[in-house]
Amino acid sequence: MPGAETDDGRAPGAIPTLRLNDGARLPQIGLGTWPLDDDEVEEAIVAAARLGYRHIDTGEPYGNEVGVGRGVRSSNLPRSEFFISTKLDGKYQGGDRAIAGLEGSLERMQLDYVDLVLIHWPLPLLGEYVSTWHTFETLLARGLTKSIGVSNFAPAHLAKLIAESSIVPAVNQIQVSPHVPRADYLAFHEQHGIATIAWSPLGGGTLLTDPVITKIAAEHDVSPAQVVLRWYVQQGMAAVPKTKNPARMLENRTVFDFQLTSHDMVAMKSLAGGAEAVDPETDGH
């Protein structure tokens, strides 16, 4: 396995970042926190911070924002070193509900601001994601967040949002993987300068036993998880794998010192369709 811990147990080197369209820097590998509870997530963040993680992904529906805040404080690192993202679900869409929503998240985490807040799902049948985005612009202007973005938005939802507002989302966090490649989403993101973050990037573990992935891993002397995470990194995406195991955390972040070949990337295209894709038109809460 490439990479190694230093003598004090810390992983070497900072995790590379992506520059967002608003100038913020987003670490490419972050720590996903669903479905960890408050105690688990506090312990996980302390371990992850020791290993060089700075990007922490949570959400109001996860029910662990209290633990996220505790973990940041328990890390003994300055707040400014972290990139903390949260999400607001459907009950905060419409009117100015998102203001109370983010204020509640900040109160639970005991933070003055988050680095990124996302609309969790577009919920097009509700018809409020554009008005909610306008409220997100207010959250940005008030300094309650440094960046604003969306999650699980299809290109059609993004196009409507961009046409009816003044700020292009900095991020769209989506289901994307070798099983669900979302070429149309990625092309739209690139065209409009929207960064892609992959949720559940290891596909719930299903990718890790695929013969194509395991063969590539053996050829590079890395783990299957590292192959999959490298697939995101090499295409300029960010990913937030969830684990509370420090050994897995180290493995997940050690993906910057090897390269998948063009043959590897072509081989991984054969995995498309290997998992059910969520439908942003009908899924969400």
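Cut-off values and rules
Residues numbered from 1 in each chain as written. Predicted model: local features only at pLDDT ≥ 70, side-chain atom pairs only at ≥ 80, totals over all residues. Heavy atoms only, no water. Buried < 20%, exposed > 50% of the residue type's maximum accessible area, 1.4 Å probe, protein only. Helix = DSSP H or I, 4+ residues; strand = E, 2+ residues; numbered from the N terminus. Arc of directions from axis to C-beta. Contact = heavy atoms within 4.5 Å. Phe/Tyr/Trp six-rings, centres within 6.5 Å; stacked < 30°, edge-to-face > 60°. Lys NZ or Arg CZ within 6 Å of the ring centre and 35° of its normal. Salt bridge = Lys/Arg side-chain N within 4 Å of Asp/Glu carboxyl O. Core = buried A, V, L, I, M, F, W, Y, C linked by side-chain atoms within 4.5 Å. Pairing = 2+ DSSP bridges. pLDDT = per-residue confidence, 0-100.

So, about helix 10 (residues 262–269). Considered for burial, the residues of helix 10 that qualify are D264, M265 and M268. The arc enclosing the buried residues of helix 10, seen along the axis, measures out at 95°, which places them on a common side. Facing away from the buried side of helix 10, by more than 90 degrees, are the exposed residues S262, H263, V266 and K269. Residues of helix 10 that are buried in the fold lie against helix 7 (211–220) and helix 8 (224–234).

Tallied over the full model, the rule gives four aromatic pairs. Centroid distance W34 to Y62: 5.5 Å. Interplanar angle 50°. Geometry classified as tilted. One end of the pair, W34, is in the loop between strand 3 (31–32) and helix 1 (38–50); the other, Y62, is in the loop between strand 4 (55–57) and helix 2 (65–74), and 28 residues separate them in sequence. Using a relative accessible area of 16% as the deciding quantity, one classes Y62 as buried. Look at W231 and Y232: their rings are 5.1 Å apart centre to centre, the planes differ by 85°, and that puts the pair in the edge-to-face class. Y232 carries the same exposure label as W231, and that label is buried. One Lys or Arg, K146, reaches over the ring of Y113 and ends 4.7 Å from the middle of that ring.

This part takes up unusual backbone geometry. Here the residue pair W34 and P35 is connected by a cis peptide bond, since its omega of 5° sits within 30 degrees of zero. You can see P35 is positioned in the loop between strand 3 and helix 1. With a phi close to 65°, N76 is a non-glycine residue in the positive phi region. Mapped onto the elements, N76 comes out in the loop between helix 2 and strand 5 (83–88). With a relative accessible area of 69%, N76 lands in the exposed category.

Moving on, we come to the pattern of salt bridges. Considering all chains together, one arrives at 13 salt bridges under this definition. The salt bridge involving K215 is made with E219; its shortest N-O contact spans 2.6 Å. Note that K215 and E219 are positioned in helix 7 at a spacing of four residues, about one turn of the helix. Overlapping salt bridges, with partners in common, bring together D39, E42 and R70 in one network.

To continue, consider the nonpolar core. Grouped together as the largest cluster of nonpolar side chains are 70 residues, with contacts concentrated most on F136 and Y232. The element that contributes the greatest number of residues to this core is helix 8, accounting for seven residues. The contact partners of F136, leaving out residues within four places of it in the chain, are L88, A98, V117, L118, I119, I148 and G149. Membership of the second largest hydrophobic core comes to 12 residues, among which are L20, L26, A195 and I197.

Below, the discussion takes up the sheet that holds strand 5. Sheet architecture is open: eight strands sit in the order 3-4-5-6-7-8-9-10, paired in parallel fashion. The sheet is open, and its two edges are formed by strand 3 and strand 10 (238–239), each paired on a single side. Where strand 3 and strand 4 come together, two bridges link them in parallel fashion. What sits directly across from L31, in strand 4, is I56.

All right, on to the confidence of the model for the chain then. Residue-level pLDDT values for the chain average 95, and 96% of them are 70 or greater. Confidence drops under a pLDDT of 50 for residues 1–11, and excluding neighbours within four residues, the segment shows 26 contacts in the predicted structure.

Every buried residue belonging to helix 7 is among I213, I216 and A217, and all of these are buried. Along the long axis of helix 7, the arc covered by the buried residues comes to 100°, so they all point the same way. Turned more than 90 degrees away from the buried face of helix 7, the exposed residues are P211, K215 and A218. Those residues of helix 7 that are buried are in contact with helix 8 and helix 10. Looking one or two residues beyond helix 7, the residue adopting positive phi is D221, at roughly 60°.

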